[in-house]
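One-letter residues, chain by chain:
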Amino acid sequence: MNNKEILTSYVYKLVASLYQAGVKDVVVSPGSRSTPLAYAFAHTKEFTMYRQVDERSAAFLALGIAKASGQPVVLVCTSGTAAANYFPAIVEAKLARIPLIVLTADRPHELREVGAPQAIAQPNLYGHQVKWAVDFPIPDDFPNTLPFVERHIARAVAIAKTAPAGPVHVNVPFREPLMIDLQEQLPVVSFKESMAQEFRPHEHAMNMLESVIEHAKKGILIIGELPQDTDLKVVWNFIRHLRWPVFVESLSHLRGNVPDDCNDFVIDQYDALLKNETFKRVVAPDTVIRFGAQPVSKSFLQFLTKVQPSIYLVVDEDPMFRDSLAITTHHIQAVIGNWLDDVQIATVNMDEAYAQIWIEANCMATQHVKTYVQQESDEGALTAILFEHLPEHSNLFASNSMPIRDVDTFFQKTEKDVRVYANRGANGIDGVVSTAIGTQLATKRDSYLLIGDLALLHDSNGLIATRYQHCEMTIVVMNNNGGGIFSYLSQATVEDHYEELFGTPSGLQFEDLAKMYDAQYEVVHSKQDFIKVLDAPKKKPLCIIEVITNRANNVQSHRRLWNSISKELDEKW
């Protein structure tokens with residue numbers, strides 16, 4: 001075979017192996033060294049290809065697709081700093097357990113570390129932030145090269161998908177010339193399938209879980225963010241039989257589609273309730289069971305740290321279970337699944353009055369929030385109005401900093417089918433726009449992004465993706481001219497240098513950004529205007545609603561809400 005035939009066989013064997021392993025989505029950024037891969041994916045009808053020219057945004061776009069679909073997504077880029085720009089999203093994917101297959105094209109071995117252009121040290125570039133990394137051989141006609149490609153791609157996909165899911169890195173060197181013959185059909189792959197083990201508790205773990213439930217007198221169940229393919233019907237059935245107070249994270253997808261017979265036990269106002277010292281003493285649990293990731297709520301985490309329950313049982317698919325509080329007493333390594341139906345639940349020792357305290361307090365706090373939304377016009381009230389207007393079968397993506405915290409407080413349990421997403425692996429504000437677009441592309445649902453002005457500026461390049469693929473997205477940007485989250489922290493008590501270091505006002509608005517991307521643009525200064533805009537039919541697929549707010553007023557209003565709830569708690573308990 002000549003060089004072109006060798007390169008073509010190599011690349012198409014790689015692509016066919018990915019398809020054989022079940023991968024269907026690929027995000028490609030333009031570049032010269034990745035030409036063979038880009039051509040092969042573009043010409044292969046079996047894949048859905050997405051394009052994004054900014055590699056940092058491209059990686060977060062792939063993250064969003066994988067986050068929403070629960071399936072691995074391939075990333076393709078050229079050599080050099082293009083690969084380095086993937087790093088923030090790879091960090092997020094590792095901590096958030098999102099499967100990514102990162103394919104970085106590279107210079108051949110003879111051009112590494114000799115001063116060649118666009119050549120950096122790419123093998124093991126991502127260090128501990130990927131589950132596995134491999135440096136592929138150069139395309140050649142050696143008999144074992146293509147079998148190596150097949151089996152290492154199978155390994156890469158299996159490792160990315162196996163719980164806990166995460167990113168893997170495949171570095172692929174190419175020599176020039178880089179052109180391939182375009183083929184209509186993928187070649188046959190000899191390696192057929194890699195089957196993962198089901199993570200199910202063994203008999204001892206099941207007995208221990210049943211014993212913990214049986215002996216609990218004051219128990220609470222925490223449901224954090226779960227893998228996207230979790231069967232929520234199984235979780236609801238467990239809640240239905242357990243009849244404990246259940247603290248449902250907004251990212252668990254359990255604040256939406258709440259069954260009537262589970263509604264009373266779903267506690268969604270725990271963040272506000274646990275700011276009160278008296279109430280915390282009254283409701284201290286002896287037993288806590290947690291499924292999924294740790295909660296967002298800082299007050300809840302502080303409560304658990306102080307209480308130090310005698311039993312704190314975590315069900316997590318990773319032996320490196322998540323426990324930043326250092327309070328876990330028992331860990332069961334398992335993926336939430338049908339085995340929950342086999343748990344024998346006996347609640348004879350459970351204090352029914354304990355559950356009733358939580359239910360009553362949650363109803364009280366909910367009423368305070370409703371009154372607050374009617375009376376106030378700060379970001380909290382405005383986000384609550386947005387949540388009320390979310391249509392059936394829609395997505396809400398929340399940026400980090402204030403938006404996710406307002407979701408935690410103001411997104412109340414509902415019968416509507418609304419799914420909430422956020423990047424809570426590393427909790428950064430980078431890549432939020434791109435990740436949100438990715439979740440929309442994967443689900444094809446009406447999608448809303450709640451974001452602050454700094455986070456939107458941080459990933460404004462993410463909007464480039466809307467020029468290459470159709471995206472239905474409404475972006476609600478809360479523009480308080482700076483970093484609102486810092487107003488709630490101790491830094492805000494020191495006036496010296498606060499604005500220049502933490503407030504960081506830019507004085508920018510987003511009308512021109514909307515024009516650049518041919519987006520519908522609306523700016524609102526009042527609650528009434530916001531409601532009017534949300535009620536009006538959308539005119540374009542991409543819509544930016546800029547809501548002008550005030551950082552100082554937001555802090556004062558939030559604290560008034562928390563104080564009103566705390567006052568009634570003191571009076572009652």
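This write-up is about the structure you can find in this document.

**Re the nonpolar core**
Membership of the largest hydrophobic core comes to 96 residues, with the highest contact counts inside it found for Phe291, Trp358, Leu386 and Phe530. The greatest single-element share of this core, amounting to nine residues, is contributed by helix H12 (residues 352-375). With residues near it in sequence (within four places) discarded, Phe530 still touches Leu382, Ile385, Leu386, Val476, Val524, Ile545 and Val547. By size, the runner-up hydrophobic cluster in this structure holds 51 residues, among which are Ala62, Ile90, Leu100 and Leu449.

**Quick look at the packing of aromatic side chains**
Enumeration over the complete set of coordinates arrives at 15 aromatic pairs. Measuring from centroid to centroid gives 5.2 Å for Tyr270 and Phe300, while their planes differ by 45°, and the two rings are tilted. Of this pair, Tyr270 sits in helix H9 (residues 270-273) while Phe300 sits in helix H11 (residues 298-307), and the two are 30 residues apart along the sequence. The exposure class of Phe300 is buried, given its relative accessible area of 0%. These aromatic residues form a ring-pair network of at least three members: Phe247, Tyr270, Phe279, Phe300, Phe303, Trp358 and Trp573. Above the plane of the ring of Trp562 lies Lys275, whose end atom (NZ or CZ) is 4.3 Å from the centre.

**Quick notes on the sheet that holds strand E3 (residues 73-77)**
Strand pairing in a sheet is mediated by backbone hydrogen bonds. Such pairs are either parallel or antiparallel. With respect to topology, six strands assemble into an open sheet ordered E2-E1-E3-E4-E6-E5, the strand pairing being parallel. With partners counted over all chains shown, the strands left at the sheet margins are strand E2 (48-51) and strand E5 (132-135), one partner each. Each adjacent strand pair in this sheet contributes to an overall mean axis angle of 20°, direction not counted. In terms of strand pairing, strand E1 (residues 25-28) meets E2 through four bridges, oriented parallel. Paired with Asp25 across the strands is Thr48, a residue of E2.

**Brief notes about the environment of Val314**
Tracing the sequence through the fold places Val314 in strand E11 (residues 311-316). Sequence separation of Val314 and Ile475 is 161 residues, and the distance between their C-alpha atoms is 36 Å. Apart from residues lying up to four places away in sequence, Val314 is in contact with Arg290, Thr328, His330, His331 and Ile332.

**Brief notes about the sheet that holds strand E7 (residues 219-223)**
Ordered by their spatial adjacency, six strands build an open sheet running E9-E8-E7-E10-E11-E12, and the pairing between neighbours is parallel. A strand with exactly one partner marks an edge of an open sheet, and here the two such strands are strand E9 (266-267) and strand E12 (330-333). Both E11 and E12 contribute to a ladder of four bridges, which runs parallel. Bridge pairing in E12 links Val315 to Ile332. Relative to E7, helix H8 (residues 232-242) is tilted by about 170°, and along the sheet it contacts E7, strand E8 (246-248), E9 and strand E10 (287-291). In this fold H11 packs onto E7, E8, E10 and E11, with an angle of close to 140° to the strand it touches most, E7.

Conventions used here
- Residues numbered from 1 in each chain as written.
- Predicted model: local features only at pLDDT ≥ 70, side-chain atom pairs only at ≥ 80, totals over all residues.
- Heavy atoms only, no water.
- Core = buried A, V, L, I, M, F, W, Y, C linked by side-chain atoms within 4.5 Å.
- Buried < 20%, exposed > 50% of the residue type's maximum accessible area, 1.4 Å probe, protein only.
- Helix = DSSP H or I, 4+ residues; strand = E, 2+ residues; numbered from the N terminus.
- Contact = heavy atoms within 4.5 Å.
- Phe/Tyr/Trp six-rings, centres within 6.5 Å; stacked < 30°, edge-to-face > 60°.
- Lys NZ or Arg CZ within 6 Å of the ring centre and 35° of its normal.
- Pairing = 2+ DSSP bridges.
- Axes fitted to C-alpha atoms, helices over the stretch in contact; angles between N-to-C directions.

On their own, these measurements won't tell you what the molecule is for.
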